[in-house]
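# Structural description and commentary
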Amino acid sequence: MQDKSLYDNPLIERYSSREMCAHFSPQKKFSTWRRLWVALAEAEHELGLPVSQAQIDELKAHLDDIDFEAAAAYEKKLRHDVMAHVHTYGDVCPNARAIIHLGATSCFVTDNGDCILYREALRMIRDRLVVVIDRLAKFAKEYRALPCLGLTHLQPAQPTTVGKRATLWTYDLVTDLEDLEYRLERFKTLGNKGTTGTQASFLKLFDGDHAKVRELEKKVCEKIGFDKPFAVTGQTYPRKLDAQILDVLSRIAQSAHKFATDLRILAHKKELEEPFEKNQIGSSAMAYKRNPMRCERICSLARFVMSLQSSPAMTIATQWMERTLDDSANRRLSIPQAFLAIDAILIIMQNVVENIVVYPKVIAKDLAAELPFMATENILMAAVEAGGDRQELHEHIRQHSVAAGNVVKIEGGENDLLERLRKDPAFAAVDIDAEMKPEKFIGRAPEQVDEFINEIVEPIRKRYPNVAVAEADLRV
């Protein structure tokens, strides 16, 4: 049992997946550092520096057996996290101790390590995002032709369909995926740049041989899975990268917040609803409540991610000259937690989308209550075709609409506009009931759903045919 007398990070204890939590764990971070030291040693060995294969083999034998207590003791003494782990690694690799971190500065492991972790985390987020897009598209297809009341300004507007509305949510996520893919395609790492980015230490190691310094960096990048490093840097990789990462994550949060907010409003209208489990309690006081806690949690976490977007922006703006260290503590918090929160958001979204409850009769009732007002244009045109005067007919409809509106708003009665029009001789030639079919008001919404899925979603499915994400099981 964990010590409950200390603060727990809710992202780890309640919301994020075990996979993402493990990805940003100390074990993953520092074993990645060791792999970087091995890559550096291998490249230096291949280019003729006095680094033996036996030393490399010793380093490889101890990639994951990290003595965290020893590292903590070293850091308390040295006040330097990288050197603490250099010494800890050296303790179990005594023959290789002298060549660990040869020619490098701390950012060789911290920044290259972060680039490795961030890129892989983006891939993990990408896979979850693809799954949510797929599930939303399936929902859109199922309800492609179910008419519902459209809302602009949160006021009744021209009808749409439940499926067409779902494509709006989906398309937001598709644009987020495009942004994420763009960043992954161009993702670079620090490489071997030295203390101020000049590679002076490596140039000295190779006795002024510039070609070998360039080759060393190329080899190291290849060994850690990158095509190329940033072209020029100070001591760190450009902190612009952090801002770009948080921009992508924030955009996903924005899309998720919009989806969840819409669903909360529709739940209020009793048209759609997030899943509500058999034994779930909506309120400790009001037993009848069905609070949309999943969507509320999405909105809550999304606001957190959007707030984090400002941190890397301020960091890059204040990285004086070749670097300052006031980025470190902030980056330890803002970037991993943004990934953890987005991971949690997409887990919840998948859970919600796979189990959205739709109430067609309520949707039809809400649409029917407003449709008479929206049908007046069609009724007007039909009456004109039957020989009526357009301007006179328009005035009739205006007066009847005002009167019907007063019945609804002032008296609390039912919308009686259609009955008023039926009794008006000016509209005697119009089959008003025939003009009231909801399908006549949804335009190309069903076809737009089909086209969207075929032209936008299907290519995504083909790009990621083997994306497999575990069930979106909420932990709390």
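Residues numbered from 1 in each chain as written. Predicted model: local features only at pLDDT ≥ 70, side-chain atom pairs only at ≥ 80, totals over all residues. Heavy atoms only, no water.

## Examining empty space enclosed by the protein
Our working rule: Here a cavity denotes a set of grid points, spaced 1 Å apart and computed over the protein atoms alone, in which a 1.4 Å probe fits but from which it cannot get out, and a pocket denotes an open set meeting protein on both sides within 12 Å along at least five of seven lines; residues with an atom within 4 Å of a point are reported as lining. Grid points are joined across faces, edges and corners, and a volume is the space filled by probe spheres set on the points. Helix and strand labels come from DSSP, where a helix needs a run of H or I of at least four residues and a strand needs a run of E of at least two; each type is numbered from the N terminus. Residue classes follow a fixed rule: Ala, Val, Leu, Ile, Met, Phe, Trp, Tyr, Cys and Pro count as nonpolar, while Asp, Glu, Lys and Arg count as charged, and any other residue, Gly among them, counts as polar.
A complete count under the given rule lists two cavities of 30 Å³ or more for this structure. The calculated volume of the largest cavity comes to roughly 40 Å³. Taken together, Arg239, Asp242, Pro312, Thr315, Ile316, Asn330, Arg331, Ser334 and Ile335 make up the full set of residues lining the largest cavity. Contributions of two or more residues to the lining of the largest cavity are made by helix 13 (310-317) and helix 14 (328-353). The biggest single contributor to the lining of the largest cavity is helix 14, with four residues. Of the residues contributing to the lining of the largest cavity, the split by class is three nonpolar, three polar and three charged. Its volume calculated, the second largest cavity comes out at about 30 Å³.

## What to know about the pairing of strand 1 (residues 147-152)
Quick note on the threshold: The criterion for strand pairing is that DSSP finds at least two bridges linking the strands in question.
One ladder, built from five bridges, connects strand 1 with strand 2 (residues 155-161); its direction is antiparallel. Residue pairing for strand 2: Pro147 is matched across the bridge by Thr161. Once strand 1 ends, the chain turns through two residues before running back antiparallel as strand 2, passing His153 with a positive phi of about 60 degrees.

## Some points on the layout of surface pockets
If you add up the space inside the largest pocket, you get close to 840 Å³. Along its surface, the largest pocket is lined by 33 residues, and Lys29, Asp81, Asp114, Ser328 and Arg332 are the ones closest to its centre. Looking at the lining of the largest pocket, the elements with two or more residues in it are helix 3 (26-46), helix 6 (81-92), helix 7 (107-142) and helix 14. Residue contributions to the lining of the largest pocket peak at seven residues, all from helix 14. Among the residues making up the lining of the largest pocket, the classes are represented as 14 nonpolar, eight polar and eleven charged. Of the voids in this model, the second largest pocket is the one considered here, and its volume is about 420 Å³. Lining the second largest pocket we find 16 residues, and of these Ala369, Glu370, Phe373, Val408 and Asn415 sit closest to its centre. Listing elements by their share of the lining of the second largest pocket, those giving two or more residues are helix 15 (360-385) and helix 16 (390-409). Take the lining of the second largest pocket: its biggest share by element is six residues, from helix 15. Class assignment for the residues of the lining of the second largest pocket results in six nonpolar, four polar and six charged.

## Comments concerning unusual backbone geometry
The condition is simple: When accessible area is computed with a 1.4 Å probe and restricted to protein chains, residues below 20% of their type maximum are described as buried, those above 50% as exposed, and intermediate ones as partly exposed.
Here Leu154, not a glycine, exhibits a phi torsion of approximately 60 degrees, which is positive. Along the chain, Leu154 turns up in the loop between strand 1 and strand 2. For Met321, which is not glycine, the phi dihedral falls at a positive 50 degrees. Residue placement: Met321 occurs in the loop between helix 13 and helix 14. Assessed through its relative accessible area of 77%, Met321 is described here as exposed.

## A look at the confidence of the model for the chain
Cut-off, in case you're wondering: Confidence of the prediction at every residue is given by pLDDT, a number between 0 and 100.
Per-chain confidence: the chain averages 91 in pLDDT, with 95% of residues scoring 70 or above. Helix 15 is the least confidently modelled element of the chain, averaging 86 in pLDDT, while helix 8 (residues 162-185) averages 97, the highest of any element.

## Comments concerning the side chain of Glu42
Let me state the cut-off plainly: The contact definition used throughout considers only heavy atoms, calling two residues in contact when any of these lie within 4.5 Å.
Tracing the backbone shows Glu42 in helix 3. Excluding its chain neighbours within four sequence positions, the residues that come into contact with Glu42 are Ile56, Lys60 and Lys223.

## Focus: the environment of Leu263
Following the sequence through the fold, Leu263 ends up in helix 11 (residues 240-268). By relative accessible area, Leu263 is classed as buried at 1%. Counting along the chain gives 93 residues from Leu263 to Ile356, while the straight-line C-alpha distance between them is 9.3 Å. When residues no more than four places from it in sequence are discounted, the contact partners of Leu263 are Leu272, Glu274, Cys295 and Val352.

## Brief notes about helix 13
Side chains three or four residues apart in an α-helix point the same way, a direct result of the helix having 3.6 residues per turn. Let me state the cut-off plainly: Comment: arc refers to directions from the helix axis out to C-beta atoms.
Of all the positions in helix 13, only Ser311, Pro312 and Thr315 are classed as buried. Taken down its axis, helix 13 places every buried residue within 90 degrees of arc, on the same side. Those residues of helix 13 that are exposed and aimed more than 90 degrees away from the buried face are Met314 and Ala317. Where the residues of helix 13 are buried, they touch helix 11, helix 12 (293-308) and helix 14.

## Some points on helix 18 (residues 445-463)
What counts here: By this rule the span expected of a helix is its residue count minus one, scaled by 1.5 Å. Bend is the name given here to the angle between axes fitted to two runs of seven residues, the run ending at a residue and the run starting at it.
Over its 19 residues, helix 18 extends 26 Å from the first C-alpha to the last, a length consistent with the 27 Å expected when each residue adds 1.5 Å. Along helix 18, the helix axis deviates most sharply at Val457, where the bend reaches about 40 degrees; the proline Pro459 sits within four residues downstream. The complete set of buried residues in helix 18 reads Ala445, Pro446, Val449, Phe452, Ile453, Val457 and Ile460. Looking at the buried side of helix 18, the elements it contacts are helix 7, strand 2 and helix 8.

## Points about the nonpolar core
For clarity, the threshold we go by: Residues belong to one nonpolar core when they are buried, are Ala, Val, Leu, Ile, Met, Phe, Trp, Tyr or Cys, and are joined through side-chain atoms within 4.5 Å.
Core analysis: the biggest nonpolar cluster contains 108 residues, and Phe259, Leu272 and Phe339 have the highest contact counts within it. The element best represented in this core is helix 7, accounting for 16 residues. Residues contacting Leu272, with those up to four places away along its chain left out, are Phe139, Val162, Trp169, Leu263, Leu266, Ala267, Ile356, Val357, Val358 and Ile363. The next biggest cluster of nonpolar side chains, apart from the first, holds 20 residues, and it includes Ala404, Leu418, Leu421 and Val430.

## Some points on the packing of aromatic side chains
Just so we agree on the cut-off: Aromatic pairing here means that ring centres of Phe, Tyr or Trp (its six-membered ring) are within 6.5 Å. Orientation follows from the plane angle: under 30 degrees is stacked, over 60 is edge-to-face, and everything else is tilted.
Summed over the entire model, instances satisfying the criterion amount to twelve aromatic pairs. Aromatic pair Phe30 and Trp33: ring centres 4.7 Å apart, planes at 90 degrees, arrangement edge-to-face. Taken together, the positions of Phe30 and Trp33, both in helix 3 and three residues apart, correspond to about one turn of that helix. Taken individually, Phe30 and Trp33 each receive the classification buried, so the pair is uniform in this respect. Where Phe139 meets Tyr143, the ring centres are 5.0 Å apart and the plane angle is 45 degrees; that geometry is what we call tilted. By the burial criterion, Phe139 is buried, and Tyr143 matches it.

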